[in-house]
Amino acid sequence: MDESEEQKKANFPRNILFGKYEMGRQLGQGTFAKVYYGKNLVTGESVAIKVINKDQVKKEGPIDQIKREISVMRLVRHPNIVELKEVMATKGKVYCVMEYVKGGELFAKVLKGKLKEEIARKYFQQLVSAVDFCHSRGVSHRDLKPENLLLDENGDLKVSDFGLSALPEQLRNDGLLHTQCGTPAYVAPEILKRKGYDGAKADIWSCGIILFVLLAGYLPFQDENVMKMYRKVFKAQYEFPQWFSEESKTLISKLLVVDPEKRISIPDIMKNSWFYQGFTRPIIEYSSIIDDEDKEDEEELVITKSPSSSSSLSSPPFYNAFEFISSMSSGFDLSSMFENKRKSRSMFTSKCSALAILVKLQSVAKKLNFGFCLEKEYKVKMSKKIEGRKGKLAVVAEVYEVAPELAVVEFSKSSGDTFEYNKFCEEDVRPALKDIVWSWQGDESNCHQL
């Protein structure tokens, strides 16, 4: 580089974001967002910065989809998933700072032809490990394909693009998803049939297609006529190339099963003899879960309804009216995307007294075999006595006073698995508290005028 070029570069204005990142060349562009190369000015780390135009999204775009994608990426921190490092915002734009994966798409490798079996197995192992983690957090990806699988500088796989992913709150009353989405060649037959489907089981079908593609270099279901291709999918009508090993054929035949109830599960995939050759489970840091160590011997709190009891409590804390209205609103609020740590919360209002609510919560905890202890006045901790997938589930419930005859109860996950927590709230707590609940947060059908 000559002196004039050095001078031009020095005089070129640097695009510094929040005094922390320098934004460089554009890497890609979508309908409502652009992705730029960036560098952390403190650490020198390369990052990818996704810039979303808030006004454009509000007017034209899928607001819920973008909000959900950010929420999902906060949940799924895994070595084989592209990491969302932080989210920042100005009045008009949202900046998602993500891990920069410079190895390109796995799709580019597939375009060159089939992969060696040991290489395909490595990528498949990393894919299944990442998908298993997503499912443990209640997330279904719904658009798994080689184009959404990136490779880092070490040749390790990174799952990306959670724009079509689903969370438990999207399930309908039948416990299934109903949105038809994904890429047809990789989509499970139950989605193509426009019926309700289990997102996790649909992801497993997509993993089967990906494994076939890695080993074969082409798709198992192909036809110039889309409807003919669909008919092949509905019948699982495909042929194995002659170079497939018997073990790989056995596994794929269990993955590409039309009936989702008979399709192999991820725990069984991981037990498969072809799969576990050389498989090492990745080390996952649960840095997003912060909680004090569970107490070994929790003392059961004895609450009585008698005002003269020595265990009677003073008045519950007051809940600011503005906070109450904001929290109970089911409208879209971008502020939730910019919190430092995503907390799983649920909230309801009640016309019962705070003391009566605590008595009810204690009764529910006992029925569910949860420990129950008072952390401070009108704040209790309920802990599951049995280890779950990500340790013991612990839930904190705090009672606030909004008006003399109106209380707000806020639940939050203290530790454990988010999917277990969501299930606890939806399947256990809601039905058990129906006789004291006036309205649940976000339930438009139950909204009341104060």
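Residues numbered from 1 in each chain as written. Predicted model: local features only at pLDDT ≥ 70, side-chain atom pairs only at ≥ 80, totals over all residues. Heavy atoms only, no water.

> Would you explain the overall build of the protein chain in this entry?
Helix and strand counts for the protein chain stand at 13 helices and 14 strands. Burial analysis of the protein chain (450 residues in total) assigns 46% to the buried set. For the protein chain, the share of sequence-separated contacts (at least 6 apart) that also reach a separation of at least 24 residues comes to 62%. A total of about 23900 Å² of accessible surface is found on the protein chain, and carbon and sulfur atoms cover 48% of it. (Helix = DSSP H or I, 4+ residues; strand = E, 2+ residues; numbered from the N terminus. Buried < 20%, exposed > 50% of the residue type's maximum accessible area, 1.4 Å probe, protein only. Contact = heavy atoms within 4.5 Å. Areas by Shrake-Rupley, 256 points an atom, 1.4 Å probe, with all protein chains shown as cover.)

> Looking at this model, I keep getting lost on the environment of Ser 439. Mind explaining?
Here Ser 439 is to be found in strand E14 (residues 439-440). The class for Ser 439 is buried, based on a relative accessible area of 8%. In this structure the C-alpha to C-alpha distance between Ser 439 and Val 408, which are 31 residues apart in sequence, comes to 9.6 Å.

> I'm lost on the nonpolar core in this one. Help?
The tendency in soluble globular proteins is for nonpolar side chains to be buried as a group. Core analysis: the largest hydrophobic core is formed by 79 residues, its most contacted members being Val 76, Phe 124, Leu 127, Val 159, Phe 162 and Ile 269. Ranked by residue count, the leading element in this core is helix H7 (residues 199-216), at twelve residues. Formed jointly, this core draws a minimum of three residues from each of two domains, domain 1 (14-100) and domain 2 (101-167 + 184-282). Counting residues in hydrophobic clusters, the runner-up holds 27 residues, among them Val 380, Ala 397, Val 409 and Phe 411. (Core = buried A, V, L, I, M, F, W, Y, C linked by side-chain atoms within 4.5 Å. Domains from an automatic or database assignment.)

> I tried to follow the packing of helix H5 (residues 117-136) against H7 on my own but got confused; where do I start?
The geometry of a pair of packed helices is captured by two quantities: the angle between their axes and the separation between those axes. Two elements in contact, H5 and H7, have axes whose closest approach is 10 Å; the angle formed by their N-to-C orientations is 170 degrees. Between H5 and H7, the interaxial angle falls into the category roughly antiparallel. Every pair of crossing elements has a handedness; the one defined by H5 and H7 is right-handed. Taken together, the residues of H7 that come into contact with H5 (itself represented by Glu 117, Ala 120, Tyr 123, Phe 124, Leu 127, Val 131 and His 135) are Ala 200, Asp 203, Cys 207, Ile 210, Leu 211, Leu 214 and Leu 215. Of the residues assigned to the contact of H5 with H7, the class counts are eleven nonpolar, one polar and two charged. (Axes fitted to C-alpha atoms, helices over the stretch in contact; angles between N-to-C directions. Parallel < 35°, antiparallel > 145°, perpendicular 65-115°, else oblique. Left-handed = near helix turned anticlockwise from the far one by under 90°. Nonpolar A, V, L, I, M, F, W, Y, C, P; charged D, E, K, R; others polar.)

> Teacher, can you tell me more about the UniProt feature "transmembrane region" (unreviewed entry) in the protein chain here?
When the UniProt feature table is mapped onto this chain, "transmembrane region" (unreviewed entry) is found at residues 202-221. Overall, residues 202-221 shows 75% helix and 0% strand. The separation of its end C-alpha atoms is 16 Å. (UniProt positions renumbered as here; feature names shortened; annotations may be inferred.)

> Help me out: how do you make sense of the packing of aromatic side chains in this one?
A full pass over the atoms with the stated rule returns 17 aromatic pairs. Ring geometry for Phe 212 against Tyr 238: centres 6.0 Å apart, planes inclined by 85 degrees, an arrangement best described as edge-to-face. Of the two residues, Phe 212 is situated in helix H7 and Tyr 238 in the loop between helix H8 (226-235) and helix H9 (246-255); the sequence distance between them amounts to 26 residues. Since its relative accessible area comes to 0%, Phe 212 is described here as buried. Among the residues examined, Tyr 238 registers a relative accessible area of 18% and is labelled buried. Through a chain of ring-to-ring contacts, the aromatic side chains of Trp 205, Phe 212, Tyr 218, Phe 221, Tyr 238, Phe 240 and Phe 244 assemble into a single cluster. Between Arg 25 and the ring centre of Tyr 37, over which it is positioned, the NZ or CZ distance is 4.8 Å. (Phe/Tyr/Trp six-rings, centres within 6.5 Å; stacked < 30°, edge-to-face > 60°. Lys NZ or Arg CZ within 6 Å of the ring centre and 35° of its normal.)

> Looking at this structure, I do not really get the side chain of Ser 160. What am I missing?
Looking at the secondary structure, you find Ser 160 in the loop between strand E8 (157-159) and helix H6 (189-192). Taking relative accessible area as the criterion, Ser 160 reaches 12% and is therefore assigned buried.

> For this particular structure, what's the right way to read the pattern of salt bridges?
Two side chains bearing opposite charge may form a pair once their charged atoms approach each other closely. Summed over the entire model, instances satisfying the criterion amount to 16 salt bridges. A salt bridge links Lys 85 to Glu 83, with the shortest nitrogen-to-oxygen separation between them at 3.5 Å. Overall, Lys 85 belongs to the partly exposed group, its relative accessible area being 25%. Among the ionic contacts, a cluster of salt bridges with common partners joins Glu 45, Arg 77, Glu 83 and Lys 85. (Salt bridge = Lys/Arg side-chain N within 4 Å of Asp/Glu carboxyl O.)

> Explanation requested: helix H3 (residues 63-75) in the structure shown.
In an α-helix, one turn spans 3.6 residues; hence positions three or four apart end up facing the same way. Compared with the 18 Å implied by 1.5 Å per residue over 13 residues, the 19 Å span of H3 between its first and last C-alpha is a close match. Extensive coverage of H3 is indicated by the burial of ten of its 13 residues. Along H3, the residues classified as buried are Ile 63, Ile 66, Arg 68, Glu 69, Ile 70, Ser 71, Val 72, Met 73, Arg 74 and Leu 75. (Expected span 1.5 Å × (residues − 1).)

> Would you mind showing me how to read the side chain of Gln 125 here?
Relative to the elements of secondary structure, Gln 125 occurs in helix H5. In this structure Gln 125 comes out as buried when scored by relative accessible area, which is 8%. The contact partners of Gln 125, leaving out residues within four places of it in the chain, are Phe 275, Tyr 276, Gln 277, Gly 278 and Phe 279.

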